[in-house]
Amino acid sequence: MAQGDVLTRAKARHLLRRTGFGAMPAEVDRLLASSATVGDAADRIVRFNPKGFKPGGRYYSNIHDNWIDWMLKTTQPLAEKLTLFWHDHFATAYSKVQSVKLMAQQNQYLRKNGVGSFKDLVKGINRDPAMIEYLDTVRNDKAIPNENYARELQELFTLGTRNLRGGESDANYTQADIVQIARAFTGWGYSRTKPVFRDYAHDFVAEFGSVRGPKVIYKSTGGFGSGGRDFAQAGEGAGEIDQVVDVIFEHRDWEGENTVARRTAKRLFEYFAHGGFSTIAVPSPQLDAIDEVIATSGFTTSWNVAALVREILVHDRFYDSLSDRSLKSVRWPVDLAVGTLRVLGMKPKGRYKYIPGGRYGGLLDHMQNMGQTVLEPPSVFGWDWESSWVSSATLLARYGFVRDVAARYAEGFAPLALLGISSGDPDVVVNAVAEYLGVKDDLSAGEIAAFKAFLGGPVNLANDWEVRRKIHGLFVLVMQAPAYQLH
Amino acid sequence: MAITRRQFLRRGGLATAGTLLGPGLFGHPFVRGALATPGLDRYFVVLQLDGGNDGLNTVTPIDDGGGTLRSDYEHARLAGNGGLRLASSSLLPLGVAGISGADPNTGAALGLHPGFGGVPGVGAGAGGLYSLYQQGKVAVVQACGYPDYSLSHAEAHSIWSSANPFSLGAYAGGGWLGRHLAARYGATEVPGACIERSVAAELRQSATGVLAIERLDDFDFPYDPSDDAADVAAKRAAFLAACQQHVVAPPYANIGTTGTATLESSESYHTLGRTPLHAAYGELDRSLGYDFREIARIIQGVAAGTPNVAARYFHLRNGGYDTHSDQKGADPTGQHFSLHAEVGAALRLFFDDLEQIDSGLSDKVVVLVWSEFSRRPMQNDNGTDHGSQGPMFLVGGKVNGGVYGNHPNIAESAWDGDGNTVYAQSGAFRSTDIRDVYGTTLKHWLGLSAAQAAALLPTDSVAALAADEQWQSPNFDLVRPAGGLPLFKA
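Residue numbers here run from 1 along each chain, matching the order of that chain's written sequence. Whichever chain is written first is A, and whichever ligand is written first is 1; the rest continue in order. Confidence filtering applies because this is a predicted model: local features only for residues at pLDDT of at least 70, side-chain atom pairs given and counted only at 80 or more, and all residues used for totals across whole chains, interfaces and linings.

1. Side note on the overall build of chain A
The helix count covers DSSP runs of H or I at least four residues long, the strand count covers runs of E at least two residues long, and both are numbered beginning at the N terminus. Summing up its helical and strand segments, chain A has 25 helices and four strands in all. The quantity called the radius of gyration is restricted to C-alpha atoms. Its globule counterpart is 2.2 Å times the number of residues to the power 0.38. Rg of the C-alpha trace for chain A: 24 Å, near the compact-globule value of 23 Å for 487 residues, within the 12% margin. Structurally, chain A occupies a C-alpha span of about 85 × 50 × 40 Å along its principal axes. Expressed as a percentage of its 487 residues, the buried residues of chain A come to 59%. Note on contacts: each residue gets a C-beta atom placed from the backbone, and two residues are in contact if those atoms are within 7 Å. For chain A, long-range pairs separated by at least 24 residues make up 70% of all intrachain contacts whose partners lie at least 6 apart in sequence. Put simply, a residue is buried when 20 or more other C-beta atoms lie within 10 Å of its own C-beta and exposed when 12 or fewer do; between those, it is partly exposed, and each C-beta is set from the backbone.

2. Details of the overall build of chain B
Looking only at helices and strands, chain B has 12 helices and 14 strands in total. Projected onto its principal axes, the C-alpha positions of chain B cover 75 × 55 × 40 Å. Counting all 490 residues of chain B, 61% fall into the buried class. In chain B, the share of contacts with a sequence separation of at least 24, taken over all contacts with a separation of at least 6, comes to 73%.

3. Focus: the packing of helix α5 (residues 77–89) of chain A against helix α7 (residues 100–113) of chain A
All names here are of chain A. Note on geometry: axes are C-alpha line fits, over the in-contact stretch for helices, and angles between N-to-C directions span 0 to 180 degrees. Between α5 and α7, the shortest axis-to-axis distance is 9 Å and the interhelical angle comes to 125°. By the angle between their axes, α5 is oblique relative to α7. The two elements α5 and α7 cross, and the hand of that crossing is right-handed. When α5 is examined against α7, the residues Ala 79, Thr 83, Trp 86 and His 87 are found in contact with a partner set consisting of Asn 107, Leu 110 and Arg 111. When residue character is reported, Ala, Val, Leu, Ile, Met, Phe, Trp, Tyr, Cys and Pro are called nonpolar, Asp, Glu, Lys and Arg charged, and the others, Gly included, polar. Taken together, the residues of the contact of α5 with α7 sort by class into three nonpolar, three polar and one charged. By the definition adopted for this analysis, an angle is roughly parallel if under 35 degrees, roughly antiparallel if over 145, roughly perpendicular if from 65 to 115, and oblique otherwise. Each crossing is labelled by how the near helix is turned from the far one, with a counterclockwise turn of less than a right angle marking it left-handed and a clockwise turn marking it right-handed.

4. Notes on the interface of chain A and chain B
Chain A puts 64 residues into the contact, and the matching count from chain B is 59 residues. Elements with a minimum of two residues in the side of chain A that touches chain B: α10 (148–158), α21 (392–405), α24 (445–455) and α25 (464–480) of chain A. Tallying contributions element by element places α21 of chain A first for the side of chain A that touches chain B, with eight residues.

5. Structural notes on the domain arrangement of chain A
When the parts come together, some accessible area is lost, and that loss is often what is quoted as the size of the interface. All names here are of chain A. When its domains are assigned, chain A resolves into domain 1 (9–47 + 257–327), domain 2 (116–256) and domain 3 (333–485). Each partner contributes residues to the interface: domain 1 has 16 residues there, and domain 2 has 19 residues. Ranked by residues supplied to the side of domain 1 that touches domain 2, first place goes to helix α14 (residues 259–272) with six residues. Tallied by class, the residues present in the side of domain 1 that touches domain 2 amount to seven nonpolar, five polar and four charged. Source of the domain bounds: an automatic or database domain assignment.

6. Topic: the environment of Arg 317 of chain B
Residue and element names in this part refer to chain B. Checked against the element boundaries, Arg 317 lands in strand β8 (residues 313–319). Sequence separation of Arg 317 and Asp 50 is 267 residues, and the distance between their C-alpha atoms is 6.6 Å. Residues within four places of Arg 317 in sequence aside, it is in contact with Gln 48, Asp 50 and Glu 196.

7. Some thoughts on the packing of helix α23 (residues 426–436) of chain A against α25 of chain A
Residues and elements named next belong to chain A. Axis separation between α23 and α25 bottoms out at 10 Å; the angle between their running directions is 50°. Relative to α25, the element α23 lies oblique. Crossing geometry of α23 relative to α25 is assigned as right-handed. Touching Val 429, Val 433 and Ala 434 of α23 are Ile 471, Leu 474, Phe 475 and Val 478, all from α25. Classifying every residue of the contact of α23 with α25 by side-chain character gives seven nonpolar, no polar and no charged.

8. Looking at unusual backbone geometry
All names here are of chain B. We note that Asp 148 has phi near 50°; this positive angle belongs to a residue other than glycine. Within the element layout of this structure, Asp 148 appears in the loop between β5 (138–145) and α4 (153–162). According to the C-beta neighbour criterion, Asp 148 is buried, with 22 such atoms within 10 Å. At Asn 308, a position not held by glycine, the phi torsion is positive, near 60°. Along the chain, the position of Asn 308 falls in the loop between α9 (287–303) and β8.

Pasting the structure below:
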C-alpha cells in the first residue's frame, strides 16, 4: 500500500492525469502543496459531491459538445472521468435511443450516482428509459421474451462471462439464467422520461410456470448450490428486477470470491491504472491487487464506488507505470482532446465548437475521426480500450487534432506564456515543452535529439514569426509523438 | 429440445482486444521459413457482418426435398404481423443453370433472401449478390461454426477472428489472417488495409504493417497549413525520428511503428486515383459501397505498380445484424432486407469495377463473408436472438459457385437446450468448421501447403467433448458436393 508514501511530483502528476484530463504544472504544484502523502492526495481527489449537470440542447451534436465543454470547465474532473467510465460500462447510444432528452437524462443519472453504491447504480440503470429502449426491454414480450438486456446485464454490467481466475469451471452463468432473468424484465417500458411497469404484460409463474418453471437462476454457478436462487421468492411483479440484482450481487466464483466485486474492481483498476489487467483470466499479482482493494474498501458491503476508487489510487499497482513503461495506457481520445485543450488553455469556439486553428474543424468531427464520440458508443460493449485505440486512421486524427490546437496561427494559443522561458536555446526549449506536456520522463535521448534538430538552432523568442514556426511547431510535434499518446 | 449443450467450456486466457500476438509462435524457424514463399498476384478481402446475421433468413429452404427443412422453417418462423417467414415464392433459388441449388444432405431446394437481388430502384449494383451467384462466382458454405459455440458477441467475434475456440496460448490475441501475415511479411512491409477506423481482429498482430483507412482522400499527414517545403521536411524528419527513437515498450511499440507506416503510406495512398465506376458507388449511396470503392482504388493502385502501395489483404465490416427486434422478413423496407440488399449490391458493383479496371482482375480477388453467429431458429416477437452456426459466402471469379456443406438441422427435436442448432463433425447434418473454410482458403487461394495452413489453425483436443463434437480432422480441400468441384478453381 502506498498511502503513507510521500507524494512525489511524478506521483502527483500521475494521479491528476489519471483522475482528470491532463495536468498543468501549476496543478501539480497545488496538489503537492496540499498533500504530504499519496493517501492525502487520493482523499482530496475522491472527496466531492457530484454536481447535477445535464448536457442540454436539441440535437445529438449539442449534448455531445456540451458534455465535452463541461469536462473542460468542471472543477470535479474525477466526476467526469467516472461518468465516462460508467457510460462505457453501461454503453447506450443515441443512434438507437433516438432521444436527446433520454440520453441527457441518463448522463446526469450516471454523474449523480456514479460515486455512490454500485448496486444502486445497477438497479437504477435497469429502469433508465434510455437503457430500456437501447437494450430492448421495451420489446421484451411476455409471450416470447427478448433476451438482450438479461444477457448484457450479466455479461457486461455485473458478472462478466467468466471467473477472473480462469480454470476448468469458470463460466459465471448459463443461457438458462439469461432466459429466466429476461422474464423479470417483461412488462417494463417507459412513458416520456419515466419508467413504467405494466402488470398485465409481465410474465407471472401462474401463466408461464408450466412451460418455463419457477424463476430460479444459478443452479450450476454462483455458489448458490444446486437449488439455485428464486428471484421471485419475495413476490412477483415490479420488484423482480431489483431482486435479480440482489442475487447477482451475491454471486460467487469458484474461489468463493464475490464475482461482481472482482469484475468491477478489475475494470476500474484497468481504467485508472493500466492495461495489465486486461485478460479474462487475470494473472495472480493483478488479481491479488484486485482482491486487496475490494477488502480495504469494504466494497462487497457498501458497494461504494468512491471508496473503491480511493483504494485503487493508493495501491502500489496504480503507480506501476511510473517505473515500468510497458504498463502505460493509451489515452482515450476524450482524454487526449480535453486534456490537450485544457492544458494548453484553448477552447472550442462558436456554435459548432470548432478548434480555432489548422483546418478549423468541429469538435465532434475531430472526435469521430479519433474514434470516440460520447453518447454514441460503437456498440453495447462500449469502446475497445488500449491498443485498439491505435491505428493509422486514429493516429492521423490525433495528429490532426493536436496540429489544429497548436497550429501556427491557432487563435489564442500563447506558448511562451505557458512555458515561462526566457532563453531560446534548443535544450531549454525542448526541455520546457516536454515538461509542460508531461512527457519528459518518457522521451528517449533519440527523441529529444530529433526535437532539437527540428528547432535547428536557438529560437529568437522576440521574433513572433520564429516563435510560431518553431515553438508552435515543436508543441505539435511533441503532441504527435508516441509518448504523448500514453499516460 | 433433446440435446443439452455442454455450455461454456473453458476458454483459458481468452485475450481481449487489447492484447497483441507475441513473437513466440513465429520465432519458430519452421513456421517462418516455410511461409516465406513468393507473393501471389492475388487479393483477399474479408467482409464481416457485425452483430450476428440471421442465417436462416439468408439461405432459406424453399421446400422439404427429401427431409423436413421447409416444414421446420415454417414452424420456427411465423407468418403474419411480426413474423419473419420468407414465402417460398419470394426466395431467389440457388438452383440456376449449371449449378444445383439443393441442400446436399436433404435435397431441399434452397434460396437466397430476396434482399440479395439488389437495392430496389437503384441501378448501381443491380441484381446484387444473386446476380453474382448466377454468374457462378458465389460459394454458399452452410452451417459454419465451431465447437461449444458462444452466444456472446464479444467471445464469438474473438473466436471467428482468431480461429482459436479454446484460446490456446500460442495462438492467443492475434487473428488467423494476422498469423499468416506475420509469417509471410516483414516488419517494414504493409500488406494489409482495413477500411475502417481500427485494425480488425483477424488481421491483428505486431510483426508487419496493417493500415486502417476510412477514406483515402482524408488519409494525409497534417502538416501546418502555412508550412513551407523546408518546414515540412524538418517536421517529417523529426516525426519519423521520434517514432523510430521512441523507447519500445510492448504492448505499445506499435504506436511508433504505426506512426511511421502511417506517415509513409499516407504519402502514397492519398494520391490513388478514381476507379472506372467511381460515380456508381455514389449512386448506390450505401456506406459499404463506399468502403468497397476504397478497396477497388487500392487494388487498382497495386495492380498498376504504384510505389509504396502494396496492400493485398483487406477487411471491412457492415453493422446492424443484431436483429433482436423489428427484423422483418421479405419487406423491402425492413432492416434485414436492407442489409442484404446493401451487401449484395456493393459486392456486385465492386466486382464490376474490378473488371473495368482490368479485365481478369476479378479473377484475382476473393471476398470471404462471415458473421459471429446466426440467430435462434425460433423467432421472438418480431426479431431473433443469438444462435449458432450460420452460412458463409466466398465470392470471386476463381470460386466454384454453388452450395457447400449441409444446412443445419432446424427441426425442434434437434435443438439443443438453448433452442439452437448443434455443431457436429459427423452424421447427416455434419457442420462445416470455420477452420476448414479458412484452411481451404489459405491453401488454395493464398498458396500455402496443407502443413503451413495447419500450423496457423489449432485443432481441438477437449476431454469434455466427444470426438465428433470438436474439430480434430482438418479438411483443407473443401469440395462442392454437387459435381465434386473444389472451392477454388486452379
